[in-house]
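# Tertiary structure, described
Residue strings, one per chain:
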Amino acid sequence: MPVTSITQARDDILTVFQTAWDANTTAIVGSIPEVRYRLVEESAIPPADGYWAHVSVEHVDGGHAAIGTRLFEHLGLFTAQLYSPAEAAGLDNLDLLIQVVLDAFEGKYSTNGVWFRNARVNEVGPGRGYFQTNVLVEFVYTTAKA
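## Focus: the pairing of strand E4 (residues 115-127)
Relative to strand E5 (residues 130-144), E4 runs antiparallel, the two sharing ten bridges. Bridge pairing links Trp115 to Val140 in E5. Between E4 and E5, which pair antiparallel one after the other, the connecting turn spans two residues, and Arg128 there sits at a positive phi close to 55 degrees.

Here it is as structure tokens:
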């Protein structure tokens, strides 16, 4: 079944992330780290425990899925910018948080057919007392027009 809209696709993608984040991060850092939606809120003040994520869904390409059909393919990139305190335990925990995000997306489809592929990790490094690592996941889905 094709996704019905960009909004439904974005909701699916963020639900996949949030479900995995909420279910698995407390065991790593003792609570669920705060999630900030990068295109909505840009608070520069880190949470007290020093762990948080900025996430975004960005569409990058699209077009007809097949000649002679009314199916349209949409491609994009989910990004989770993950932050931890710049200390040995923070980096160890950050690696575990990275794995939570990878496990949520690698080899998976959302309930409405968003396909996740090419998940990868980009270590940005330390800065202002925090480690930053980005997890990027490409996605693709199809919509149908009447």
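## Some details on the nonpolar core
In this structure, Phe17, Trp21, Phe78, Leu82, Val101 and Phe105 are the most contacted members of the largest nonpolar core, which totals 33 residues. Of all the elements in the fold, those that place two or more residues in this core are helix H1 (6-24), helix H2 (26-29), strand E2 (52-64), strand E3 (71-85), helix H3 (88-105) and E5. The dominant element in this core, judged by the number of residues it contributes, is H3, at eight residues.

## Section: H1
In a regular helix each residue adds 1.5 Å, so 19 residues correspond to 27 Å; H1 covers 27 Å between its end C-alpha atoms and thus fits that length. Regarding H1, the residues found buried are Ala9, Asp12, Ile13, Leu14, Val16, Phe17, Ala20 and Trp21.

## Some remarks on the pairing of E3
Of all the 15 residues making up E3, 13 are buried; the element is thus mostly covered by neighbouring parts of the structure. Both E3 and E5 contribute to a ladder of 15 bridges, which runs antiparallel. Its bridge partner lying in E5, Glu73 is registered against Thr142.

## Some thoughts on the packing of H1 against H3
In contact at an axis separation of 9 Å, H1 and H3 are set at 135 degrees when each is read in the N-to-C sense. As far as their axial angle goes, H3 and H1 are oblique. Note that H1 runs across H3; the crossing there is right-handed. Residues Ile13, Val16, Phe17, Ala20, Trp21 and Asn24 of H1 lie in contact with H3, whose contacting residues are Leu97, Val100, Val101, Ala104 and Phe105. In the contact of H1 with H3, the residues fall into ten nonpolar, one polar and no charged.

## A short note on the confidence of the model for the protein chain
Considering every residue of the protein chain, the mean pLDDT works out to 88; 84% of them sit at 70 or more. Mean pLDDT across the elements of the protein chain ranges from a minimum in E2, with 85, to a maximum in H1, with 96.

## Some remarks on the pattern of salt bridges
Applying the stated criterion across every chain yields a total of three salt bridges. The partner of Arg36 in a salt bridge is Glu34, and the shortest N-O contact between them spans 2.8 Å. Judged by relative accessible area, Glu34 falls into the partly exposed class, the value being 33%. Between Arg120 and Glu138 there is a salt bridge, with the nearest N and O atoms lying 3.3 Å from each other. Residue Arg120 is located in strand E4, and its partner Glu138 is located in strand E5; the two are separated by 18 residues in the primary sequence. The class of Arg120 is partly exposed, set by a relative accessible area of 34%. Here Glu138 falls in the partly exposed class, since its relative accessible area comes to 22%.

## Observations concerning the side chain of Gln132
Inspection of the secondary structure puts Gln132 in strand E5. Gln132 sits in the buried class, given a relative accessible area of 15%. A polar atom in the side chain of Gln132 sits 2.9 Å from the side chain of Asn134. For Gln132, the residues in contact, after removing those within four places along its chain, are Gln81, Leu82, Tyr83, Glu123, Val124 and Gly125.

Parameters and conventions
- Residues numbered from 1 in each chain as written.
- Predicted model: local features only at pLDDT ≥ 70, side-chain atom pairs only at ≥ 80, totals over all residues.
- Heavy atoms only, no water.
- Pairing = 2+ DSSP bridges.
- Helix = DSSP H or I, 4+ residues; strand = E, 2+ residues; numbered from the N terminus.
- Core = buried A, V, L, I, M, F, W, Y, C linked by side-chain atoms within 4.5 Å.
- Buried < 20%, exposed > 50% of the residue type's maximum accessible area, 1.4 Å probe, protein only.
- Expected span 1.5 Å × (residues − 1).
- Axes fitted to C-alpha atoms, helices over the stretch in contact; angles between N-to-C directions.
- Parallel < 35°, antiparallel > 145°, perpendicular 65-115°, else oblique.
- Left-handed = near helix turned anticlockwise from the far one by under 90°.
- Contact = heavy atoms within 4.5 Å.
- Nonpolar A, V, L, I, M, F, W, Y, C, P; charged D, E, K, R; others polar.
- pLDDT = per-residue confidence, 0-100.
- Salt bridge = Lys/Arg side-chain N within 4 Å of Asp/Glu carboxyl O.
- Polar contact = N/O pair within 3.5 Å; in protein donor to acceptor, adjacent residues only side chain to side chain.

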